[in-house]
Amino acid sequence: MAPVVAAVDPFILLKRLMPQDDGLGDDNGSTDVKPMKARRRECDPAAALAAARHEFGEHGGVNMNIEASITFTVMEPDTMRRLFAGELGPERDDLYIYSRHFNPTVLALGRQIAVLEGTEAAYCTASGMSVISCVLMQLVGAGGHIVASQCLYGGTHALLSRFLPRTSGVSTTFVDADDEAAVRAALRPGETKVVYVETMSNPTLAVADIPMLARLEHEAGAKLVVDNTFTPLVVSPARLGADVVVHNVSKFISGGADIIAGAICGPASLVNSMMDLQDGALMLLGQTMNAKVASELAGRLPHLPLRMQEHSRRAGEFATRMRRLGLRVTYPGLPDHPHHDRLRTVGNPGYGAGGMLCVDIGTEARANRLMHHLQNTTQFVLMAVSLGYSEKLMSCSGNSTSSEMAPEDRARAGISPGLIRVSVGYNGTLEQRWAQFERALALVQQEIPDAGAGKSCKAV
């Protein structure tokens, strides 16, 4: 695969790191990361992606080859030794060892996602949870401390509250990430290794104050890890001060509800450390991506900007119309959303407020009736978890994607029993889909007269 234009400086992979090096630098200054100014650097991710290095096929094909091999030959015996010693590597020498380590096709996809997020490097993994798990294991270490938002995807919450404490003694303090005083009080200088948030919280759609969090965690000597799954292109966390950005690529980036994948974006030193032959979390836990999956995803990245714009446009229109009906709808694009102005300040112009919205129907029973009619009577939506698909996907978060959280934790995070999370797709016409929604809501109101109005569904 021949490079045409390099959009970012190549990074040297396989550099040997000290056994306890987290890949983000230490007090010796070798890879020291200076505190970033908490401000946005203007950049259109779509323009950056279009200008990125393009990978042609072996015979001049417009698409890159799929390197399906799991192992790679060398011409001389000593080359193998030098590869394992870290003296040679993929980017600098175009030499590879084994596809659980680095694979040319997966590396090419990583370059594209790094450009998209504005980071020095990126690499792709087998799933969203694999990248979150591996990043935290690499950065925190046994007995470390994490400060995390109290509202997170249920699987991430379970990882932080149950799995990591049991397996490695890692503790997490959950806080209201919008409360600067609470975050500052939770940080333990010298002990807290990571501050973890989602750009847009799952499922409540609170928008994180990334510049503020970056300032606090840098003061405490920690690293800010931001999950940007809900908002690719909409927000660029690394340009706001985040040290590491993670993605569940299965969602909006993939867009097809047919691929499980994840991505880690950050300094090249971190990617190197996670692939270290002796103590790299990705290398040793085997969570790297299949090359055929990487090739498929690379073909979808060019139209991600168009998809995100349409997801956002339709979500904004549906949220506005639902609000007019008196429904209690949450969408950061609505002017009365508490973080509306924040998103306008930190977001990338032209990509809206994302493709997710929430409707609170008050009780789980009402939510279930509405979802029943929306899928089975009017065909407005599919009852399914996940997001970023061409069709609308809907689930009651409290009994599905946030069910890992204890009831009191869900209440603290603002996840009510009747909260319905909606991933707004772009299939069908907007008017066609709106008519389906109105008809389903009318049926529910006939069955439960106060389902569409009253205190429980009052607009906020």
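Residues numbered from 1 in each chain as written. Predicted model: local features only at pLDDT ≥ 70, side-chain atom pairs only at ≥ 80, totals over all residues. Heavy atoms only, no water.

1. A closer look at a nonpolar patch on the surface
Residues M137, F163 and L285 make up a contiguous nonpolar surface patch of about 250 Å² in total accessible area. Relative to the elements of secondary structure, M137 occurs in helix α5 (residues 128-140). (Patch = residues over 30% accessible without salt bridge, like charges linked within 9 Å, V, L, I, M, F, W, Y side chains within 5 Å. Areas by Shrake-Rupley, 256 points an atom, 1.4 Å probe, with all protein chains shown as cover. Salt bridge = Lys/Arg side-chain N within 4 Å of Asp/Glu carboxyl O. Helix = DSSP H or I, 4+ residues; strand = E, 2+ residues; numbered from the N terminus.)

2. Describing the nonpolar core
Counting 126 residues, the largest nonpolar core has I146, Y196, I264 and L357 as its most contacted members. Apart from the residues within four sequence positions on either side, I264 is in contact with A121, A122, Y123, V131, V135, V244, V245, V246, L270, M274 and L282. (Core = buried A, V, L, I, M, F, W, Y, C linked by side-chain atoms within 4.5 Å. Buried < 20%, exposed > 50% of the residue type's maximum accessible area, 1.4 Å probe, protein only. Contact = heavy atoms within 4.5 Å.)

3. Some remarks on the layout of surface pockets
Its volume calculated, the second largest pocket comes out at about 600 Å³. Forming the boundary of the second largest pocket are 37 residues, of which S201, T204, L205, A206 and H339 lie nearest the centre. If one sorts the elements of the lining of the second largest pocket by residue count, strand β8 (residues 328-330) sits on top with 3 residues. (1 Å grid on protein atoms, 1.4 Å probe; cavity = no way out; pocket = protein on both sides within 12 Å on 5 of 7 lines; lining within 4 Å. Points joined across faces, edges and corners; volume = space filled by probe spheres on them.)

4. Looking at the environment of A435
You can see A435 is positioned in helix α16 (residues 430-447). Linking A435 and T378, residues 57 residues apart in sequence, is a C-alpha distance of 8.8 Å.

5. A word on the packing of α5 against helix α6 (residues 154-168)
Running from amino to carboxyl end, α5 crosses α6 at an angle of 40°, the nearest separation of the two axes being 11 Å. The pairing of α5 with α6 is recorded here as oblique in orientation. Between α5 and α6 lies a crossing whose hand is right-handed. For the pair α5 and α6, the contacting residues are M129, I132, S133, L136 and M137 in the first and G155, T156, L159, L160, F163 and L164 in the second. Split into classes, the residues belonging to the contact of α5 with α6 amount to 8 nonpolar, 3 polar and no charged. (Axes fitted to C-alpha atoms, helices over the stretch in contact; angles between N-to-C directions. Parallel < 35°, antiparallel > 145°, perpendicular 65-115°, else oblique. Left-handed = near helix turned anticlockwise from the far one by under 90°. Nonpolar A, V, L, I, M, F, W, Y, C, P; charged D, E, K, R; others polar.)

6. Looking at the side chain of N248
By the element assignment, N248 lies in strand β6 (residues 244-248). Judged by relative accessible area, N248 falls into the buried class, the value being 19%. Within polar-contact distance, the side chain of N248 engages the side chain of S250 at 2.8 Å. For N248, the residues in contact, after removing those within four places along its chain, are G128, T229 and A261. (Polar contact = N/O pair within 3.5 Å; in protein donor to acceptor, adjacent residues only side chain to side chain.)

7. Observations concerning the pairing of strand β2 (residues 145-149)
In regular strands, side chains alternate between the two faces of the sheet. The buried count for β2 comes to 5 of 5 residues, which makes it a mostly enclosed element. Pairing geometry for β2 and strand β3 (residues 171-175), over 5 bridges, is parallel. By the bridge assignment for β3, H145 is matched with S171. In the classification by handedness, the crossover that spans β2, the intervening α6 and the parallel β3 is right-handed. (Pairing = 2+ DSSP bridges. Right-handed = clockwise from strand over helix to strand, strands pointing away.)

8. Structural notes on α16
Look at α16: 26 Å from first C-alpha to last across 18 residues, which is about the 26 Å you get at 1.5 Å a residue. Buried within α16 we find L430, R433, W434, Q436, F437, A440, L441 and V444. Down the axis of α16, the buried set is contained in an arc of 155°. They therefore lie on one face. The inward-facing, buried residues of α16 abut α12 (304-324) and α14 (364-377). (Expected span 1.5 Å × (residues − 1). Arc of directions from axis to C-beta.)

9. Some points on the environment of G299
The residue G299 is located in helix α11 (residues 291-300) in this model. Under the relative-accessibility criterion, G299 is labelled partly exposed at 46%. The spacing of G299 and N63 is 236 residues in sequence and 8.0 Å in space, taken between C-alpha atoms.

10. Regarding the pattern of salt bridges
Under the defined criterion, the tally for this structure stands at 24 salt bridges. Note that E87 is salt-bridged to R81, the shortest N-O span being 3.6 Å. Residue class for E87 comes out partly exposed when judged on its relative accessible area of 37%. Relative accessible area serves as the criterion here: at 44%, R81 is assigned to the partly exposed category. Of the charged contacts, one joins D258 and R300 as a salt bridge, the two residues approaching to 2.9 Å between their closest N and O atoms. Of this pair, D258 sits in the loop between β6 and β7 (262-266) while R300 is found in helix α11, placing the two residues 42 residues apart along the sequence. Taking the relative accessible area as the measure of exposure, D258 reaches 49% and is therefore partly exposed. Note on R300: relative accessible area 10%, which makes it buried.

11. Things to note about the sheet that holds strand β9 (residues 356-360)
Read across the sheet, 5 strands follow the order β8-β9-β12-β11-β10 without closing on themselves; strand pairing throughout is mixed. Looking at strand neighbours, the two that pair on one side only are β8 and β10 (382-383), the edges of this open sheet. Two strands pair when backbone bridges link them, and β9 and strand β12 (residues 419-423) are joined in this way by 5 bridges, in the antiparallel orientation. When the bridges of β12 are listed, L357 appears paired with V422. Sheet strands touched by α12: β8 and β9. Its angle to β9, the strand with the most contacts, is close to 20°. Sheet contacts for α14: β10, β11 (393-396) and β12; angle to β11, the most-contacted strand, approximately 160°.

None of this, on its own, says anything about what the molecule does.
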